[in-house]
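# Overview (structure and organization)
Here is what each chain is made of, one letter per residue.
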Amino acid sequence: MRGWAALMGVMKRVSTIFRAKANKALDKYEDPRETLDYSYTTQLELLQKVRRGVADVATSRKRVELQMNQVQQTSDKLDRQARDALAAGREDLAREALTRKASVQSQLADLQTQYASLQGEEEKLTAASQRLQAKVDAFRVRKETIKATYTAAEATTRINEVFTGISEEMSDVGLAIQRAEDKTAQMQARAGAIDELMASGALSDALGGTPADDIQAELDRMGASGSVDGELAKMKAELAGGAPKQLAGGAPVQDAVPDQTPGYQAPQPNAGGTQ
Amino acid sequence: MIIRIMGEGQLRLPDGAAEKLNELDVDLEAAVDKHDEDAFHVALHKLLERARELGETLPHDAIEPSDLILPGEGATIEEVHDLLADGGLIPG
């Protein structure tokens, strides 16, 4: 065809397809000038669609951001629990907490990847929207000029070029929107799954479906039995020292907070020891 | 010559630039035909880099058909296949 005819392959084939598509649309109208008006309407619709697309991607990105914060909080909590457990001499619990933290961290990394991908999509669509806006504005001007200056017969060549040019842009933008929509849908499905896991208290499959709070429950239990031990020790000391026999009126055992290190160690294996 | 990088915009290339892109395009098409995703990404990236080096960005308000259309960075072989399959992917 022209100088670049030597360049066969993907690039030319794609451009040929785009042109064929535009020509087919042009053939639909007897007066090519009608094509311009029709195309302009389509362009405005597409612009709206791109803007909606940008907004959708942004919403999706914000949702992922929110989840990243939640997952980070979970990770921090597990870290705290690991420290508490270790301080209480429960290395097994600490290990469990850290294992979970590791899988939560990998989830976080996955979310970060998603976030970056959505951010990239958002930038691309925003740029596409700006390009399209500039072209649509230019098209409106050229359309009126062509209509005012040329007869239908004369206008054909000019219309052909401007129409093919804008159709190509619209096809490109249309594909970009489709891609962004697909990506957003994928992300939303994944985000929904994570939300459900969060809501159910089980963080993820990687955690073996165990409620994330069982470590906390164990720590609480240790804390509670520590209090019981303290209370018992206090009572024994009082009894041994001939303290008043009336013990009633004491605070409920669960709420009692020992104000000193228990001097007596209960023999239960589960009791939180100071060793 | 005007080329479009899909999702990115159009570039105007000087005469003769096509020759320089041509050899890279051959690699690209070979990768597509063999369905070699890794080779495809490498070839596509090289091709786009070269095109950007050689070309000059067209103003946003230019309305001109492209002589050549390149898949955008990050495109997959599948997407290119779809593009080539009678424009099945192309809306409108």
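Up top you'll find the structure we're talking about.
Residues numbered from 1 in each chain as written. Chains lettered and ligands numbered in written order. Predicted model: local features only at pLDDT ≥ 70, side-chain atom pairs only at ≥ 80, totals over all residues. Heavy atoms only, no water.

## As for the overall build of chain B
Along the backbone of chain B there are three helices and four strands. Ordered by position in the sequence, the α and β elements of chain B form the string β-β-α-α-β-β-α. Here chain B holds 92 residues, and 49% of them are scored as buried. Summarising the internal contacts of chain B: among those between residues at least 6 apart in sequence, 69% fall at separations of at least 24. Accessible area for chain B stands at about 4300 Å²; split by element, carbon and sulfur atoms hold 48% of it. (Helix = DSSP H or I, 4+ residues; strand = E, 2+ residues; numbered from the N terminus. Buried < 20%, exposed > 50% of the residue type's maximum accessible area, 1.4 Å probe, protein only. Contact = heavy atoms within 4.5 Å. Areas by Shrake-Rupley, 256 points an atom, 1.4 Å probe, with all protein chains shown as cover.)

## What to know about the pairing of strand β1 (residues 2–5) of chain B
Residues and elements named next belong to chain B. Here β1 shows a buried face lined by Ile2 and Arg4 and a second buried face lined by Ile3 and Ile5. Across four bridges, the pairing between β1 and strand β2 (residues 9–12) is antiparallel. Each bridged residue has a counterpart across the sheet, and for Ile3 the counterpart in β2 is Leu11. In sequence, β1 turns back onto β2 through a hairpin of three residues, with Gly7 there showing a positive phi of about 80°. Pairing of β1 with strand β4 (residues 68–70), which is carried by three bridges, proceeds in the parallel orientation. Considered in β4, the bridge of Ile3 is made with Leu68. (Pairing = 2+ DSSP bridges.)

## Here we look at unusual backbone geometry
Only a minority of non-glycine residues have a phi that is not negative, and only a minority of peptide bonds are not trans. Within the chain, His35 of chain B stands out as a residue other than glycine whose phi angle is a positive 60°. By the element assignment, His35 of chain B lies in the loop between α1 (17–34) and α2 (37–54).

## A few points about the interface of chain A and chain B
Between chain A and chain B, the residue contacts involve 35 residues of the former and 40 residues of the latter. Between chain A and chain B we count four salt bridges in total. Here Arg4 of chain B makes a salt bridge to Glu168 of chain A, at a shortest N to O gap of 2.5 Å. Inspection of the region where chain A meets chain B yields nine residue pairs in polar contact (both at pLDDT 80 or more). At the level of secondary structure, the elements contributing two or more residues to the side of chain A that touches chain B comprise α1 (10–26), α3 (91–149) and α4 (152–200) of chain A. The greatest single-element share of the side of chain A that touches chain B, amounting to 13 residues, is contributed by α4 of chain A. Classifying every residue of the side of chain A that touches chain B by side-chain character gives 15 nonpolar, seven polar and 13 charged. (Salt bridge = Lys/Arg side-chain N within 4 Å of Asp/Glu carboxyl O. Polar contact = N/O pair within 3.5 Å; in protein donor to acceptor, adjacent residues only side chain to side chain. Nonpolar A, V, L, I, M, F, W, Y, C, P; charged D, E, K, R; others polar.)

Read these as geometric descriptors, not functional statements.
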